[in-house]
Structures are given as C-alpha cells and as structure tokens.
Amino acid sequence: MTSISLAHMGAGQSGTIMSIQGGRGIRAKLEAMGMRPGVRVTKVSGQIMQGPVIVRSGNTQVAIGFGMARKVFIAVD
Amino acid sequence: MLVKKILLVGNPNVGKSVVFSRLTGVDVIASNYPGTTVEFCKGCVGSGKDKIDVVDVPGTYSLDPTSPAEKVAVEMLNKGIKEKASIVINVIDATNLERNLNLTLQLLKRKVPLIIALNLWDEAKHIGISIDVEELQKILGIPIIPTVAITGEGVKSLVSRLSEAKISDYEYENTERWHNIGDIIEKVQVIKHKHHTFAERLSDLTVHPWTGIPIAVIVLFIIFQVIRFIGEGIINYVLDPIFTRLWQPVMEALSGLLGKEGIIHNILIGHLIDGKIDFGQSFGILTTGLYVPFGAVLPYIIAFYLVLSFLEDSGYLPRLAVLLDKTMHIIGLHGMAIVPMFLACGCNVPGIMATRILESKRERFIAATLMSITIPCMAQTAMIFGLLGQYGPKGIFPVFITLFLVWLIGGILMRFIIRGESPEIFTEIPAYRFPYLIGSLKKVWMRIKWFLKEAIPFVLLGVLIVNILYTFRIIQALGYFAAPVMTKFLGLPLDAVGALLIGFLRKDLAVGMLAPLGLSMKQLIISSVVLTMYFPCVATFAVLFKELGILDVLKAGAIMIGSAFIVGSLLNLIL
C-alpha cells in the first residue's frame, strides 16, 4: 500500500494517517486535534488553487493549509 | 473543601462561555466558532463569604501551547493553580470525547481539584453517541456532570457538586496518553452508525468549492439585503414617526419658549433651518444629538447584529473562512481573518480585539491597521447611506468601491513591506447548529446596550463641542489653517475641517456634520472616504494602542493619515 499526501488525496476518500513530516509545531498542532499516525481520516474537501483542505477524524473537522496538508501522508483505502 | 476560585478550561468552542454566563449571570459573547473568547472574563457565583471567582479561560487544545492564544490560556491556568483553594471545571464536548480527553488527561497531571462538565450532551445523543458517565467517572476518579449549557440543563447540579471536585489519582505515561485515551473510549463510548444528517450534508455542500462559492455569494447578498430591509423598516415604521410626530412638536415648543435663538437655544435645539427644526442639520443636543444615535444609527446596529449573531451561532463563519482563504492570502492573512473583519463592520473595537485569533504579530498588525483604515463601523455606514442615499448607487458605490480597493491595495503593500510570518490557516470546523434563539437575541441585546453606552455620551459631548467650536469661531480659524490641504487637494470647503475634528470622537456624528454644509455629491463621496480612513475614533485608537503598542500605533497612524490624503486627492482628481 502506498501513501499519498492529504493535499493530493481526492475529496471524499478515506484512509489512515501513516506519517506527518515537518517540524514539531505542525505535529503537535495536529496531534492536539487527535490527528496522529494510525488514525483514520476522511478528506472532506479541497479548494481550488491549492486552498485549504478540510479533513475529518471521528466527529472533528479541521481546516488546514495546503502546505501543511502536503506533509501529512495517508494510506488510502 | 472551601472553593475560592473556579477556572473554566477546555478546548475551543465547547461552550465554556455559555457555562460561564450560566454560572455567574455575567453576560459574555458566545458564538459557534473557535476563538470567540480572546480575553479572559471574570465573574463570580454566590455572595458574601461564599463568593467564588469564576474565570473563563480562552480555549486550548493542549497544555503544550502551539499558538500565542493557547499560551495565554496555559499561563492563566498555571497562575490559577498556584493560588490555593482554586478548582478547575474542565468543560468537554461530548460529541468529541476522544479529542477532549487529551486535554483532560493533561489537566489530571497538574494535580489540581477537577470536575468535568460534559457539555453538548443533547447533541451527542442526537447524533447517536452514548457515553457511560458512571464508568468514565470511575476511571478518571473525578465527578462528571452532563450539561446542556445553552438551555441551562445540568448547570444546577454542576454548581451543587462543585465541592466534590478533587485531585484525580489516575496515572499514565505521557508518551502513552493517546493509547490510554483509546482504552477509555473503548470502555465508555458507543457510537451508533447512522446516516448523514441534514446538517452534515449542508456542511459538505458549503465547503466544496463548486457549491460553496455560489452559496457564499448568495449568503453575502442575503446578509446585505436583510440588514437593509430591517434597518429601513425600523426607520420608516418606528423611529421616523416617533421623531417627526412626537418629538418634533415638543422640540418646536421648547424652541419657542427659548426664543428661537441665543446660546442656550443653540446648544439644546440648534439652528433653525427655514424657521424649523431639522433633526439632521440643526445640531442641538436634543435634536441632532438624539437623532443621530437613535434615529439614524440604532436601526442599522440592530439589523447588523441580528444578522451577525445568526451567522456566528450557526457555524458558517469558519466555512466562509476556508472558501476565502486564498483571497486573504493576497493581503498576507489567512481565511480566519474574515472573522475580525466581519466584527469590524459593526464596530472596529471588537474587530481589533478579535485579531487575537491570528497567530503572528505581522498578521495582527496588517489586520488591525487595514480594518481601522478601510472598514467603516455600522454607525458610520448608516450615516453615509443616509447622506448619499439620495443619489442612489452612483453616490454610494464610489465610497465603498474606493474603500475596498484601498483595503486590497493597502493589504498587498503591507504584505510585501511588513516583515514577519503569516502561518497557514488551521482551524476546527464546528458542526452547524441552529442558533438557540434566546441566546442569540440576548447577544444582540448585549451589543446594542454596549453601542448605546459607548455612543450616546460621545455623540452628546460631540454636539456640545461642535457648538462651542462654532460659537467661538474656532472651526473657522482651523479651516483657514488647513485651507491648502482641504481645498487644494481634497476639494472640500473649509467648514469640513470641523467634521475631521469631531471624527476623532465619533465618526457617525462627523458624517452628520457634513449635512448642513451643502456639499456636492462629489464632495460628499470624498469626505465620506477621508473620514473613514484618516484616523480611528478615540475608542478604536485606545484599543489599537492596547493591542499593538505605541510603536506600531505610530506606524499605523502614519499609514492612515498618508493614505487618506493620497486617496482623497486622487478621488478629487478622478471624480
């Protein structure tokens, strides 16, 4: 199973977070929202022109910038 | 245990402020987006010796802060824990138990007496989540009370069990925290699988670009129409009749008693226009001084805050922020900056306070400066509409299109000039909620009260000062001084300098001062734009000063005066 970044995943697709690249700041922020490796997420939407991505895990929806979404890798179902 | 102080701690947007209002009876603004509370609020419950201070701490996802706003929350918590006899009410969102327990477990480690308000209990049930409160209580070793703060359900038992708050003996390894949370969730929570609710479908539609953008355009159009409809309705059917049929005869009689002239007459009634009182132009304390805040501005304040409260409480704003994120990047901000911008359309003061939801100093400077230059408050907007409305769109549009262009160009320039970081958007998207009507209306009422308290004294003082300045011919003298700038560059009569002077006090009154001057449409457009841009009113200035510090305020002030002069002169050339 290959993983792709949250930024490039299609809207409506689900998968499991494999890894979060990048600094401690972004990992801490995502983890505080419950988004960490091993957690199942669904990409709700992406915006045109590399706008923010909305991702859902459980009952929580979070909007994150495209740059950050590029650093979150998902094993898509 | 004797409790002296309660700290309300929890994730953003779980209803801490609503719990706070319920506990203390102190009204605070609560909305459905993360980061409504940017400043801590204090109140108390009980009285006399049993009085307990309650502190509404801004929301945080973790005790290991990742943003300046969270840092403030954690510092407040640390300070509170040090004081003896303080307890923490951890407000948690029952619909997001797992994520909320992350903060709870961190709180447990702080060894502070803790009690949990399991809020949004009704919503959790509604979407098919059931939580075994007894079991959770047993595992964590602290009292847990299910609440629906917005209706007050459970708040009484929360209060009666405050003394049961205790230090938990639950132990875990920090690195294993999520693992432990997983175990707890498995034991206490059951989620019934169910179909998409209407709110969820609507949520998806409003954030997908191809459906979301058209919906946003429609929503913004409706907002504008509804504000106009309500504002005009109140003026035409309520306030105009009151002023013309009831107040006018009283004032005419008083004017007669005072002999229709003289200094007292001028201060109370003002100058008669064609032998009659004109509420817009006479400029007495009892005529124009009352008409501006009550007759012209208040209806639009009511209309604006009704619509804003609905928007805030429904949960639409963060979604709009996502759709507009890219646009906001053009001016060096991210999508959530639309929240302070929206608030500023009502009044710049809460707008500037709300810039705290932005993380970096650079973003806050750009947002605060840009809004104080280009966003007229609702009071000023109402007066501009009143003055230029007679010309229709060709009078109104140039003002707002100019301000929008200045907003855009000023933002782009600041994005390139102001150094520092602008992080990307990172925000929770709350579930849609149908606004709780009583709560929303209360919020509107709080804001109207705030407007009246702020506006009335300043408007009355302003009218008094205007009369004094005219009586002693000070405005004429200043006009002579300012003549080169006023007439040569801006194309305005010398008298308009009076409006610029009073604009420091109240912008709505300043726009009102233009009415008796007999300006042309072009002059009215230029002066409306210049009055918006040149400097903030005293209330806005004070909060700018507090938020940005002296150095940045001086910078911002220079940008304002400079850009107002340039834009005013350009308009004079172009129009």
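Our subject is the structure listed above.
Residues numbered from 1 in each chain as written. Chains lettered and ligands numbered in written order. Predicted model: local features only at pLDDT ≥ 70, side-chain atom pairs only at ≥ 80, totals over all residues. Heavy atoms only, no water.

As a further point, take the sheet that holds strand S3 (residues 40–46) of chain A. Two pairing modes exist for strands in a sheet, parallel and antiparallel, and in both the strands are linked by backbone hydrogen bonds. Read from one edge to the other, the open sheet built from seven strands follows the order S1(A)-S6(A)-S2(A)-S3(A)-S4(A)-S5(A)-S9(B), with strand pairing classed as antiparallel. The open sheet has two edge strands with one neighbour each: strand S1 (3–5) of chain A together with strand S9 (426–428) of chain B. The average undirected angle you get between the axes of adjacent strands in this sheet is 40°. Strand direction decides the pairing type here: strand S5 (residues 60–64) of chain A and S9 of chain B, joined by three bridges, are antiparallel. Directly across from valine 62 of chain A, in S9 of chain B, lies its bridge partner glutamate 428 of chain B. (Pairing = 2+ DSSP bridges. Helix = DSSP H or I, 4+ residues; strand = E, 2+ residues; numbered from the N terminus. Axes fitted to C-alpha atoms, helices over the stretch in contact; angles between N-to-C directions.)

Right, let's get into the pairing of strand S6 (residues 72–76) of chain A. All names here are of chain A. Across the five residues that make up S6, a large majority, four, are buried. Two elements, S1 and S6, share three bridges in a ladder whose sense is antiparallel. Within S6, the residue paired with serine 3 across the bridge is alanine 75. Here strand S2 (residues 14–20) runs beside S6; their pairing, made up of five bridges, is antiparallel. Directly across from isoleucine 20, in S6, lies its bridge partner valine 72. (Buried < 20%, exposed > 50% of the residue type's maximum accessible area, 1.4 Å probe, protein only.)

A few words on the packing of aromatic side chains. Two descriptors summarise a pair of aromatic rings, namely the distance from one centre to the other and the angle between the planes of the rings. Residue and element names in this part refer to chain B. Summed over all chains, the structure comprises twelve aromatic pairs over all chains. An angle of 20° between the planes, with centres 5.8 Å apart, marks the rings of phenylalanine 404 and tryptophan 407 as stacked. On the criterion of helical spacing, the pair formed by phenylalanine 404 and tryptophan 407 is a turn pair, its members being three residues apart in helix H18 (residues 393–417). Owing to a relative accessible area of 47%, phenylalanine 404 belongs among the partly exposed residues under this scheme. Through pairs of rings, three or more aromatic residues link up here, namely Phe504, Tyr534, Phe535 and Phe541. In this arrangement the basic side chain of lysine 109 is found over the ring face of tyrosine 172, its NZ or CZ atom lying 4.1 Å from the centre. (Phe/Tyr/Trp six-rings, centres within 6.5 Å; stacked < 30°, edge-to-face > 60°. Lys NZ or Arg CZ within 6 Å of the ring centre and 35° of its normal.)

Let us look at the packing of helix H12 (residues 316–323) of chain B against helix H14 (residues 338–346) of chain B. Residues and elements named next belong to chain B. Across the interface, H12 lies against H14 with an axial gap of 9 Å and an inter-helix angle of 120°. Relative to H14, the element H12 is oriented oblique. Contact residues: Leu317, Leu320 and Ala321 in H12; Ile338, Val339 and Phe342 in H14. The class makeup of the residues in the contact of H12 with H14 is six nonpolar, no polar and no charged. (Parallel < 35°, antiparallel > 145°, perpendicular 65-115°, else oblique. Contact = heavy atoms within 4.5 Å. Nonpolar A, V, L, I, M, F, W, Y, C, P; charged D, E, K, R; others polar.)

Empty pockets left among the atoms are what a rolling probe the size of a water molecule brings to light. Counted according to the given criterion, the structure contains two cavities of 30 Å³ or more. Empty space within the largest cavity amounts to approximately 310 Å³. Only helix H11 (288–314), helix H15 (348–354), helix H17 (378–388), helix H19 (437–471), helix H22 (507–513) and helix H24 (538–548) of chain B provide two or more residues apiece to the lining of the largest cavity. Top element by residues in the lining of the largest cavity is H19 of chain B. It accounts for five residues. Grouping the amino acids of the lining of the largest cavity by side-chain chemistry returns 15 nonpolar, six polar and five charged. Volume-wise, the second largest cavity comes out at about 40 Å³. Forming the walls of the second largest cavity are Leu6, Ile17, Leu30, Met35, Val41, Val55, Ile64, Val72 and Ile74 of chain A. Of the residues in the lining of the second largest cavity, the class split is nine nonpolar, no polar and no charged. (1 Å grid on protein atoms, 1.4 Å probe; cavity = no way out; pocket = protein on both sides within 12 Å on 5 of 7 lines; lining within 4 Å. Points joined across faces, edges and corners; volume = space filled by probe spheres on them.)

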